[in-house]
Amino acid sequence: MPQRVVVTGVGLVSAIGLTAAENWQALLAGKSGLGPITHFDATQFSCRFAAEVKGFDPLRFIEKKEVKKMGLFIQFALAAAEEAVRSSGLRVSDDIAPRVGVHIGSGIGGFDVIEREHSALLEGGPRRISPFFIPASIVNLAAGHVSIRHNAKGPNLATCTACTSSAHAVGDAFKIIQRGDADAMICGGAEAAITPMGIGGFASMRALSTRNDDPEHASRPFDKTRDGFVVGEGAGILILEELQHALQRQAPILAEIVGYGMSGDAFHITMPSEDGSGAFRSMENTLKDAHVAPGEVDYINAHGTSTPYNDKFETMAIRRLFGEHAYKLAVSSTKSMTGHLLGGAGGLEAGITSLALREQIVPPTANYSVPDPDCDLDYTPNAPRKRAMRYALSNSFGFGGTNASLLFKRWDNA
């Protein structure tokens, strides 16, 4: 019999807040985290704005001498993990350490470090490369640092599956506990790709919004005037626990995670499948995994990137899977406020979905003003909504046609 798994802690860092509470209040207020890029001089770029984290001080979480050993994505992961562990009340003592694991994904990892060290190489030769270059930049070092910080000696791994990275991390962590290989997992994702190469690379693909005259409203998921996504940064970390383990220590329970599904488009390196079949199968597999009927789902935190193709095809997939019930669902894209955290998006949005179930409030899709005939669902435009919700789905889709969906259930103490 598979073990039941619950969410007992959440830590969030994004452009709209440095904690889960700050993020949640900002979402309800429709606060935009988007603005002109300050990390570097973006004057020559076609997209000159992003969703930067503001006011982040790594010295609150990390000793000064250690900061230089970590890319910014690792720093964000440590900050979010610190909050998640603290809010869950989980203390990883030596006797339970082998049963507590870490799984943190990132789509790009330490881009900031790679660019800095490459400049050092070009300017001063190989002797100028820092000895911390590799461990500061590789994707799995977020999980490595978090495991060291919290004494977690169980399964330790990372995913790098583009914008699906941290959704896969949460889903895989769920399955690790479900099959009995751990009692708790610190899981999610982090990203820090607002760099010249990061912005330049996506801009050269024409994937980014170029609404430079109005960056605050540039992320417009499902709106007819959408023109591309906005790069965000930050982290979303969850504490997942086997139910009895959580109950025995009287942990706070935000939600139960009950389903996880994956799929591949097998279609194009960057464009979603034109019939939405990859997204459809990802959601379908998730509901099958949870033994939940489509008509039981109340809310979808959509991938909703604000790109013309993603929003249209995700809508098509939702209509296909849910039929007439699709028009009774609440759907929203919180990327309209946080920007798109790339590999960190799934962790952030899984945390938001858990909070939505606990609070029984659907966060809005901001900046929605011009309906698109191709996107005809209820996207919870511009204002949060109280709603009775039992099941909520969180979607993440990535380049290469990699898809993942997570299903959460309201915790009712039953």
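Conventions we followed
- Residues numbered from 1 in each chain as written.
- Predicted model: local features only at pLDDT ≥ 70, side-chain atom pairs only at ≥ 80, totals over all residues.
- Heavy atoms only, no water.
- Helix = DSSP H or I, 4+ residues; strand = E, 2+ residues; numbered from the N terminus.
- Rg over C-alpha atoms; globule rule 2.2 N^0.38 Å.
- Buried < 20%, exposed > 50% of the residue type's maximum accessible area, 1.4 Å probe, protein only.
- Contact = heavy atoms within 4.5 Å.
- Areas by Shrake-Rupley, 256 points an atom, 1.4 Å probe, with all protein chains shown as cover.
- Lys, Arg positive; Asp, Glu negative; His and termini not counted.
- Charge placed at Lys NZ, Arg CZ, Asp CG, Glu CD.
- Expected span 1.5 Å × (residues − 1).
- Pairing = 2+ DSSP bridges.
- Axes fitted to C-alpha atoms, helices over the stretch in contact; angles between N-to-C directions.
- Salt bridge = Lys/Arg side-chain N within 4 Å of Asp/Glu carboxyl O.
- Phe/Tyr/Trp six-rings, centres within 6.5 Å; stacked < 30°, edge-to-face > 60°.
- Lys NZ or Arg CZ within 6 Å of the ring centre and 35° of its normal.

Caption draft 1: Summary view of the overall build of the chain. Summing up its helical and strand segments, the chain has 13 helices and 14 strands in all. The globule rule puts the C-alpha radius of gyration for 414 residues at 22 Å, and the 20 Å found for the chain is close to it. Taken along the three principal axes of its C-alpha coordinates, the chain extends 65 × 55 × 40 Å. Out of the 414 residues in the chain, the part that is buried amounts to 62%. In the chain, the share of contacts with a sequence separation of at least 24, taken over all contacts with a separation of at least 6, comes to 78%. Accessible surface computed for the chain: about 15,700 Å², of which carbon and sulfur atoms make up 53%. Between the mean site of the 39 positive side-chain charges and the mean site of the 44 negative ones, the chain shows a separation of 2 Å.

Caption draft 2: Summary view of helix α4 (residues 111-124). Here α4 spans 20 Å end to end across 14 residues, near enough to the 20 Å set by a 1.5 Å rise per residue. Among the residues of α4, those classed as buried are Val 113, Glu 115, Glu 117 and Ala 120. Taken together, the buried residues of α4 touch α5 (133-137) and α8 (196-204). Count one or two residues on from α4 and you reach Gly 125, which has phi positive near 85 degrees.

Caption draft 3: Quick look at helix α7 (residues 165-178). With 14 residues, α7 should cover 20 Å at 1.5 Å per step; its first-to-last C-alpha distance of 20 Å lies within 8% of that length. With 12 of its 14 residues buried, α7 lies for the most part within the structure. All of the buried residues in α7 are Ser 165, Ser 166, Ala 167, His 168, Ala 169, Val 170, Gly 171, Ala 173, Phe 174, Ile 176, Ile 177 and Gln 178. Directly beyond the C-terminal end of α7, a positive phi value near 95 degrees is found at Gly 180.

Caption draft 4: View of the sheet that holds strand β4 (residues 100-105). The 10 strands lie next to each other as β5-β4-β6-β7-β1-β8-β14-β13-β9-β10, forming an open sheet whose pairing is mixed. Every other strand in the sheet has two partners, leaving β5 (156-157) and β10 (330-332) as the edge strands with one partner each. Where helix α11 (residues 308-322) meets the sheet, its contacts fall on β9 (297-301) and β13 (391-398), and the angle it forms with β13 comes to roughly 140 degrees. Along the sheet, helix α13 (residues 345-359) makes contact with β1 (5-13), β6 (184-191), β7 (234-242), β8 (255-264), β9, β13 and β14 (402-410), crossing β13 at roughly 170 degrees.

Caption draft 5: Representation of the pattern of salt bridges in the model. Tallying each qualifying case throughout the model produces 16 salt bridges. In this structure, Arg 226 engages Asp 311 in a salt bridge whose closest nitrogen and oxygen atoms are separated by 3.5 Å. Taken together, the positions of Arg 226 in the loop between α8 and β7 and Asp 311 in helix α11 put the pair 85 residues apart, joining distant regions of the chain. With a shortest N-O distance of 2.9 Å, Arg 226 and Asp 372 are connected by a salt bridge. Taken as a pair, Arg 226 in the loop between α8 and β7 and Asp 372 in the loop between β11 (361-362) and β12 (385-386) lie far apart in primary sequence, 146 residues in all. On the basis of relative accessibility, which here comes to 9%, the residue Asp 372 falls in the buried class. One network of salt bridges, in which partners are shared, links Arg 226, Asp 311 and Asp 372.

Caption draft 6: Quick peek at the packing of aromatic side chains. In the structure shown here, the tally under the stated rule is 8 aromatic pairs. Note on Phe 202 and Phe 399: the rings are 6.3 Å apart at their centroids and 55 degrees apart in plane angle, and the pair reads as tilted. Placement of Phe 202 in helix α8 and of Phe 399 in the loop between β13 and β14 is noted, with a sequence separation of 197 residues between them. Where Tyr 309 meets Phe 313, the ring centres are 5.6 Å apart and the plane angle is 10 degrees; that geometry is what we call stacked. Note that Tyr 309 and Phe 313 are positioned in helix α11 at a spacing of 4 residues, about one turn of the helix. Judged by relative accessible area, which is 6%, Phe 313 ranks as buried. In textbook terms, an aromatic cluster arises when at least three aromatic residues are bridged by ring pairs, as seen for Phe 56, Phe 61 and Phe 76. Seen from the ring of Phe 280, Arg 320 lies directly overhead, with NZ or CZ sitting 3.8 Å from the centre.

Caption draft 7: Representation of the pairing of β7 within the structure. For β7, a buried count of 9 out of 9 residues is recorded, marking the element as mostly surrounded by other parts of the structure. Of the two faces of β7, the one holding Gly 234, Gly 236, Leu 238, Leu 240 and Glu 242 and the one holding Ala 235, Ile 237, Ile 239 and Glu 241 are both buried throughout. Bridging between β1 and β7 involves 8 bridges; their strand directions are antiparallel. Among the inter-strand pairings, Val 7 is bridged to a residue of β7, identified as Leu 240. Here β6 runs beside β7; their pairing, made up of 8 bridges, is antiparallel. Considered in β7, the bridge of Ile 186 is made with Ile 239.

Caption draft 8: The arrangement of the pairing of β9 in detail. When you tally the buried positions in β9, you get 5 out of 5 residues, the bulk of the element. Of the strand pairs in this sheet, β9 and β13 are connected by 4 bridges, and their pairing is parallel. From the neighbouring strand, Val 297 faces β13, where its bridge partner is Tyr 391. Judged from the 3 bridges that link them, β9 and β10 form a sheet pairing that is parallel.

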